[in-house]
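Overview (structure and organization)
What follows is each chain in one-letter form.
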Amino acid sequence: MNITILGAGAFGTALAVALSVNGPVTLWGRRLGSDRQSPRLPGVTLPAAINLTEDLDTALNAQCLLLGLPAQALGGFLADHADALDGKTLVSTAKGIDLTHLTGPSSLIAQACPAAHVAVLTGPSFAADIARGLPTALTLACTDPKIGQSLQHAFSTPVLRLYRTTDVTGAELGGALKNVIAIAAGIVIGARLGDSARAAIITRGFAEMTRLAVRLGARSETLTGLSGLGDLTLTCTSPQSRNFRFGHALGEGAAFDTTTTVEGVATARAVARLAERLGTDMPIAAMVARLADGTVSVEKALEDLMNRPLKEE
Ligand SMILES: NC(=O)C1=CN([C@@H]2O[C@H](COP(=O)(O)OP(=O)(O)OC[C@H]3O[C@@H](n4cnc5c(N)ncnc54)[C@H](O)[C@@H]3O)[C@@H](O)[C@H]2O)C=CC1
Ligand SMILES: O=C(CO)COP(=O)(O)O
């Protein structure tokens, strides 16, 4: 399968490195140059099997396109290039909910490119781990079982083991919502509230993820898989996670590099709006949105979370 990756960020570049063992891969980026040392993946040299290009027309010449853009950039990119993208197989890696449309990447793609085959590649996977060839398991979600199986085989390697599902909604929401909970986990650790508090955030955060995802049409069992619980566990427990690190800085009152991609901030705001519209209780996500907007102190936010009415688990 002729694979092109759009977006030479950390994850797009890591996937190019990983998938290039199966054959030539084209990697497109806006300001890519010809240097085979990626600024997003320090210490990683891009293999010769990766064709680097800044020419989008060349890049769009493939039938299967992996979209390595962040969730909040995806809608604009699709709008700008819908004609060239429509009818192709488009695989999103974005983990977020679009703040304008309050929908996940697969809906953005389907709306912009109604004739495209849509899939999502998600799950517990740090770009640096993938680029170093460390064993990783991912979820490939596609409503068409045959296309899903074809992509699963095309993207699997000796160190990249893909599981497939037809529950695109569940898979993409798991990847998006875990980022919000990871910020909350970082906050409690940054505020020195301890590992027990983090365990509570992870557990109750998983309940919130599942509640909203099922409300939006997901299968609950999808959230117990790699794309939900797996990615939640990884992202809430590792400083490799930018969402966790952002929350940690928030919790300790430290500055954070605003040029870093932290999908959970916009997604927390999107979730807060969705929850209000749907009447779905999402207290941790609402707390993260308020803290990200600076409308409440960490102390007050955590106090409010603890003082909510007692309920059954
Ligand atoms: N970094 C990681 O470990 C992982 C990231 N992801 C997901 O992959 C997605 C991308 O994240 P990263 O690659 O980590 O971010 P990044 O910040 O490293 O790279 C984002 C890339 O997208 C490009 N981009 C942004 N807006 C664009 C536009 N309008 N047109 C063209 N290119 C544009 C940027 O130039 C940059 O190269 C996110 O949704 C993230 O959650 C998923 C799994 C792991
Ligand atoms: O999605 C990821 C790991 O699965 C990467 O997490 P961060 O975006 O928090 O770095």
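It should be emphasised that the depicted structure is a prediction, and the values quoted were computed from it without experimental measurement. (Residues numbered from 1 in each chain as written. Chains lettered and ligands numbered in written order. Predicted model: local features only at pLDDT ≥ 70, side-chain atom pairs only at ≥ 80, totals over all residues. Heavy atoms only, no water.)

1. Comments concerning the overall build of the protein chain
Helix and strand counts for the protein chain stand at 14 helices and 8 strands. Its C-alpha atoms give the protein chain a radius of gyration of 19 Å, within 12% of the compact-globule value 20 Å for 313 residues. Projecting the C-alpha coordinates of the protein chain onto the three principal axes gives extents of approximately 55 × 40 × 35 Å. Counting all 313 residues of the protein chain, 55% fall into the buried class. Within the protein chain, contacts between residues separated by at least 24 positions form 68% of all contacts whose residues are at least 6 apart in sequence. Summing over all exposed atoms, the protein chain offers an accessible surface of approximately 13,700 Å²; the carbon and sulfur share of this is 52%. The centroid of the 26 positive side-chain charges in the protein chain is displaced by 3 Å from the centroid of its 27 negative side-chain charges. (Helix = DSSP H or I, 4+ residues; strand = E, 2+ residues; numbered from the N terminus. Rg over C-alpha atoms; globule rule 2.2 N^0.38 Å. Buried < 20%, exposed > 50% of the residue type's maximum accessible area, 1.4 Å probe, protein only. Contact = heavy atoms within 4.5 Å. Areas by Shrake-Rupley, 256 points an atom, 1.4 Å probe, with all protein chains shown as cover. Lys, Arg positive; Asp, Glu negative; His and termini not counted. Charge placed at Lys NZ, Arg CZ, Asp CG, Glu CD.)

2. Some words on the site of ligand 2
In the vicinity of ligand 2, 13 residues are found, and the nearest of them are Lys95, Lys178, Asp231, Ser241 and Asn243. Interatomic distance of 2.8 Å between a side-chain N/O atom of lysine 178 and an oxygen atom of ligand 2. At 2.6 Å, a side-chain N or O of aspartate 231 approaches an oxygen atom of ligand 2. Starting from 310 Å² of accessible surface for ligand 2 in isolation, the protein chains cover 93%. Elements with a contribution of two residues or more to the shell around ligand 2: α10 (226–237) and α11 (242–252). (Near = heavy atom within 4 Å. Polar contact = N/O pair within 3.5 Å; in protein donor to acceptor, adjacent residues only side chain to side chain.)

3. Brief notes about the packing of aromatic side chains
Applying the stated criterion across every chain, the model contains 2 aromatic pairs. Geometrically, the ring pair formed by tryptophan 28 and phenylalanine 77 is tilted, given 5.9 Å between the ring centres and 45° between the ring planes. Of the two residues, tryptophan 28 sits in strand β2 (residues 25–28) while phenylalanine 77 sits in helix α3 (residues 71–85), which places them 49 residues apart along the sequence. When sorted by exposure, tryptophan 28 lands in the same class as phenylalanine 77, which is buried. Here phenylalanine 246 and phenylalanine 256 contribute two aromatic rings whose centre-to-centre distance is 5.5 Å and whose plane-to-plane angle is 85°, an arrangement assigned as edge-to-face. You can see phenylalanine 246 sitting in helix α11 and its partner phenylalanine 256 sitting in the loop between α11 and α12 (263–278), a full 10 residues away along the chain. The buried category is assigned to phenylalanine 246, whose relative accessible area is 15%. (Phe/Tyr/Trp six-rings, centres within 6.5 Å; stacked < 30°, edge-to-face > 60°.)

4. Focus: the pairing of strand β7 (residues 136–141)
For β7, the buried fraction is high: 5 of the 6 residues fall into the buried class. With 3 bridges joining them, strand β6 (residues 117–122) and β7 adopt antiparallel strand pairing. Directly across from threonine 122, in β7, lies its bridge partner threonine 139. In this fold, β7 hands off to helix α6 (residues 145–155), which returns the chain to strand β8 (residues 160–165); that crossover is right-handed. (Pairing = 2+ DSSP bridges. Right-handed = clockwise from strand over helix to strand, strands pointing away.)

5. Some words on the site of ligand 1
Lining the immediate surroundings of ligand 1 are 21 residues, of which Ser125, Ala127, Arg242, Thr261 and Glu263 lie closest. Within the contact set of ligand 1, an oxygen atom lies 3.3 Å away from a backbone nitrogen or oxygen of glycine 9. Within the side chain of arginine 242, one N or O atom sits 2.7 Å away from an oxygen atom of ligand 1. Look at ligand 1: alone it shows 830 Å² of surface, and the protein chains cover 86% of it. Elements with a minimum of two residues in the shell around ligand 1: α1 (10–19) and α3.

6. A word on the UniProt feature "binding site: sn-glycerol 3-phosphate" (unreviewed entry) in the protein chain
Under the UniProt annotation, the feature "binding site: sn-glycerol 3-phosphate" (unreviewed entry) is placed at Lys95, Gly123, Ser125, Lys178, Asp231, Ser241, Arg242 and Asn243. On the accessibility criterion, lysine 178 (5% relative accessible area) is buried. With near-sequence residues (within four places) excluded, lysine 178 lies in contact with Lys95, Met209, Asp231, Leu232 and Thr235. Note that asparagine 243 resides in helix α11. Take asparagine 243: its relative accessible area is 5%, and that puts it in the buried class. Sequence-distant contacts of asparagine 243, defined by excluding residues within four places in its chain, comprise Asn179, Ala182, Ile183, Val262, Glu263 and Gly264. (UniProt positions renumbered as here; feature names shortened; annotations may be inferred.)

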